[in-house]
Every structure is written in C-alpha cells, then in structure tokens.
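Topology and contacts: notes
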Amino acid sequence: MIETINGKTRTCGLIGNPVEHTLSPVIHNYLASACGHNLVYVPFHVEQDVFGAVRGGFALNILGMNVTVPYKKEVMQYLVQVDENAERIGAVNTLVRIEDGYKGYNTDYLGLKRTLEMENIRLGHETVVLLGAGGAANAAAYLCAQCGAKELYILNRTAKRAQQLADHVQSYFPDTAVQALKMEEYNELPDRQLVVLQATSVGLHPHIDEAVIEDAAFYKKVKQGVDIIYNPEETKFMKLVRAQGGRAVNGLQMLLYQAVTAYELWNGVTIDEEICQRVLKLLQKEFSHE
Ligand code: ATR
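Residues numbered from 1 in each chain as written. Predicted model: local features only at pLDDT ≥ 70, side-chain atom pairs only at ≥ 80, totals over all residues. Heavy atoms only, no water.

Points about the packing of aromatic side chains
Here is the rule: Working definition: a ring pair exists when centres of Phe, Tyr or Trp rings (six-membered ring for Trp) sit within 6.5 Å. Plane angles under 30 degrees give stacked, over 60 give edge-to-face, the rest tilted. The helix and strand labels rest on DSSP assignments: H or I over at least four residues marks a helix, E over at least two residues marks a strand, and numbering proceeds from the N terminus. Burial here depends on accessible area, computed with a 1.4 Å probe over protein chains only, as a share of the maximum for the residue type. Under 20% is buried, over 50% is exposed, and the range in between is partly exposed.
In total, this model carries ten aromatic pairs according to the counting rule given. Taking the centre distance of 5.7 Å and the plane angle of 85° together, the rings of Phe58 and Tyr102 count as edge-to-face. Taken together, the positions of Phe58 in helix H2 (residues 50–59) and Tyr102 in strand S6 (residues 101–105) put the pair 44 residues apart, joining distant regions of the chain. Judged by relative accessible area, which is 23%, Phe58 ranks as partly exposed. Exposure remark for Tyr102: the relative accessible area of 1% places this residue in the buried category. On the numbers, 5.7 Å between centres and 70° between planes, the contact of Tyr109 with Tyr142 is edge-to-face. Taken together, the residues span a long stretch of sequence, with Tyr109 in helix H4 (residues 107–118) and Tyr142 in helix H5 (residues 135–146) at a distance of 33 residues. The same class applies to Tyr109 and to Tyr142, which are both buried. Ring-pair connections join several aromatic residues into one group, and the members of that group are Tyr109, Tyr142, Tyr172 and Phe173.

Below you can see the structure in the form of structure tokens.
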C-alpha cells in the first residue's frame, strides 16, 4: 500500500459481484508500493449496473479496472475497443483507460501464457488435454491452439459445451486438431504423453479430495499437469499427476501474472521478475493463514 494518498493518487479497481474475497487489492497495492507509483486499487461491488460502472469509472478518471464474474462477457459491449485475443476468447477481465473510454483485454489468457513460459511448459506440437469448457477453459483452449498444439482434446461433463468450445477454437486455428469428448470418455485419448490443463472448478477448497478424473491409468500418460485452482496449494489433480511421476503446477502464478499484466497495461511499465516473485511469496503467505 502506498504511504500517503494525496491529490495526485490514481485509482484502479475491480468490478464484479461478489468481490469481497478477491486477492487483487493485495497484489496491486503491493505492486504500486514496490514500483513507487502513487496508485491505489480498490474493490467495487457492482450489484448489476455494469454500464453505469464503466461510464462512472471513466467519469471519475479511474485509470484501469479489472472485471470478474459475472461480468466478463457483458462488459465488452460498453468498451470503445477490445484487444483481438480478448475478442476471440469472448471475455474481458481488464479495462485500460484510453482517450474516449476503456479498451478491454483478457489477462487471464496472458497470465496463463506467462505461467507456462515461466514453468517452461511448451504446448507447441504437443497433445494437449483441457479439462473443462467454462469461462476459465475458454481462454486456455484459445491459448493452446494459438501456441501451436498438435492436438487439443476438450473434455467436459456437459458434452455440448465442450463441442461448442472446440468448434469455436477450431474456426480460428485450423492447424490444431481440436476434438470434444465427454469427461468419462478420457480412455479414448491417444496413448501419448499428454500436457493437461485442469480448468474445472472440481477440487476447489473446501472440496479438496475431489478430482474430475481419478483413474491412475489416465495419469500415467500425463507428463505435465497445470491446475487453474490455487486453493488448496496442492489439489487432488496435482497429487494424482505427481503420484504417476508427472510434473504439476497450481494456478497461483496465473493469478499473479494476470494481475501483473493488467498492472503493466495500466501503467505502461514492465514489472521485474524479482518483484513478481515477492508478490508470489506474499500470496503463498495469505493462504498459509487460512
Ligand atoms: P469458470 O468460469 O470457473 O470456468 P464455469 O464457467 O461455471 O466456471 O465452469 C466450470 C467448469 O467446471 C465447467 O467446465 C463445468 O462443467 P459443466 O460445463 O458440465 O458444468 C465444470 N464442473 C463444475 N462442477 C463439476 C463437477 N461436479 N463435475 C464435473 N465438472 C464440473
């Protein structure tokens, strides 16, 4: 948190419903302090008037906003510009103030991209399996195909949703073979080493003993597993990957890098990796208090 709020302090914030459990203020206020920026970040609980929130934010000279559930799609119609990747993903979580309104970005996608780079997980020419077809999975599916995955299998409890996402991604990236399966059809996956992205909400605290697939035969093929969940720190999915010798990563870095990327867009700066690592430690500490 910056030491003094004065007449020159800039404001950023988060709009959503609910926003009470967000960690974004912790991250952004730490970044502001670490970078020496005169900036504060606050949560805005928006009951339902998203248009009013965006218009009001602009009128109040708010520098940037994050957008969380349930407004990531709805907000798009109130923006003066939308970044091409966010447009194709169909969701915006970051608004950057420009001359006559806000431009929308999807830093969930950018945060996952940076996490994979940091963890040296390459999707190019790989067989990638995406578990889930909800909001979080949309950005992940798009990224997988954009990174040049050879094949992308989208598995979801509701087959129709998986098919819709597969068709959508396939339309942009003809070179990746995108296929939809029902979750229980995981035994139809090819007998190859897999990179798996877990993008369902199964396993999230307090349901820490649940994973969307439990069968060891599946996990034998998983060389790398990324869970978008960060609470608990080690999910059941991650345990199952590790039990068969695979490498597993949780979603905490995604949370970190989606925020860092938003902060960079608002302030036109690049945050040092050393500062990112300090924020990561801070986040880990937040969870150890729970
Ligand atoms: P988010 O924005 O976090 O992705 P979401 O859009 O509600 O949230 O998506 C949640 C994802 O978790 C979906 O893929 C959902 O599957 P359905 O499309 O079939 O609903 C998946 N999911 C949630 N609970 C599940 C459960 N008990 N078993 C299997 N999948 C589940």
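From this point, the narrative continues.
With respect to the sheet that holds strand S7 (residues 127–131)
Just so we agree on the cut-off: Here, a strand pair is defined by DSSP locating no fewer than two bridges between the strands. A fitted line through C-alpha atoms represents every axis, and for helices the fit uses only the stretch in contact; the resulting angles, taken between N-to-C directions, go from 0 to 180 degrees.
The strand order across the open sheet built from six strands is S9-S8-S7-S10-S11-S12, with neighbouring strands paired in parallel fashion. Taken across any chain shown, the strands that pair with only one partner, and hence form the sheet edges, are strand S9 (177–182) and strand S12 (247–249). With direction set aside, neighbouring strand axes in the sheet form an average angle of 15°. Sheet topology note: the strand S8 (residues 151–156)/S9 ladder contains six bridges and is parallel. Residue Leu155 lies in a different strand from S9, and its bridge partner there is Leu181.

Let's talk about the site of the ligand
Rule in force here: Proximity is defined per residue: any heavy atom of the residue falling within 4 Å of a molecule or strand makes that residue near it. Polar contacts, as used here, are pairs of N or O atoms within 3.5 Å; protein pairs need one atom able to donate a hydrogen and one able to accept it. Residues neighboring in sequence count only if both atoms are side-chain atoms. Residue burial considers only the protein chains on display, and all accessible areas are found by Shrake-Rupley using a 1.4 Å probe.
In the vicinity of the ligand lie 13 residues, with Gly135, Asn156, Arg157, Thr158 and Arg161 positioned nearest. Interatomic distance of 3.0 Å between a backbone N/O atom of Ala133 and an oxygen atom of the ligand. Between Ala136 and the ligand, the recorded distance is 3.1 Å, taken from a backbone N or O atom to an oxygen atom. Compared with its free state, where it exposes 640 Å², the ligand has 67% of that area covered by protein.

As for the state of the cysteines
In plain terms, the rule: Any two cysteine sulfur atoms lying within 2.5 Å of each other are counted as a disulfide.
All chains considered together, the criterion is met by zero disulfides. We note that Cys144 lacks a disulfide partner, and the nearest cysteine sulfur, in Cys147, lies 7.2 Å from it. Classification of Cys144 by relative accessible area gives buried; the value is 0%. Looking at the unpaired Cys276, the closest cysteine sulfur is the one in Cys35, lying at 9.0 Å. Residue classification places Cys276 among the buried positions, given a relative accessible area of 0%.

Notes on the packing of H4 against helix H9 (residues 252–267)
Let me state the cut-off plainly: Should an angle fall under 35 degrees it is called roughly parallel, over 145 degrees roughly antiparallel, and 65 to 115 degrees roughly perpendicular, with every other angle called oblique. The sense of a crossing depends on the near helix, which, turned anticlockwise from the far helix by less than a right angle, makes the crossing left-handed and, turned clockwise, makes it right-handed. In what follows, residue pairs with any heavy atoms lying within 4.5 Å of each other are defined as contacts. For this scheme, ten residues count as nonpolar: Ala, Val, Leu, Ile, Met, Phe, Trp, Tyr, Cys and Pro. Four count as charged, namely Asp, Glu, Lys and Arg, and the remainder, Gly too, count as polar.
Following both chains from N to C, one finds H4 and H9 inclined at 120°, their axes separated by 7 Å at the closest point. The orientation of H4 relative to H9 falls into the category oblique. Note on packing geometry: the crossing formed by H4 with H9 is right-handed. Across from Thr107, Asp108, Leu110, Gly111, Leu112, Arg114, Thr115 and Met118 in H4, the residues of H9 making contact are Gln253, Met254, Tyr257, Gln258, Val260, Thr261, Ala262, Glu264 and Leu265. Of the residues contributing to the contact of H4 with H9, the split by class is eight nonpolar, six polar and three charged.

Some details on helix H6 (residues 159–172)
Our working definition: Every helix has an expected span of 1.5 Å times one less than the residues it contains. The directions considered for the arc are those from the helix axis to the C-beta atoms.
Taking 1.5 Å of rise per residue, 14 residues should cover 20 Å, and H6 covers 21 Å from first to last C-alpha, within 8% of that figure. Every buried residue belonging to H6 is among Ala162, Leu165, Ala166 and Val169, and all of these are buried. Down the axis of H6, the buried side of the element spans an arc of 100°, and every buried residue falls inside it. In H6, the exposed positions angled more than 90 degrees off the buried face are occupied by Lys160 and Ser171. Where H6 is buried, its residues meet S7, H5, S8 and S9.

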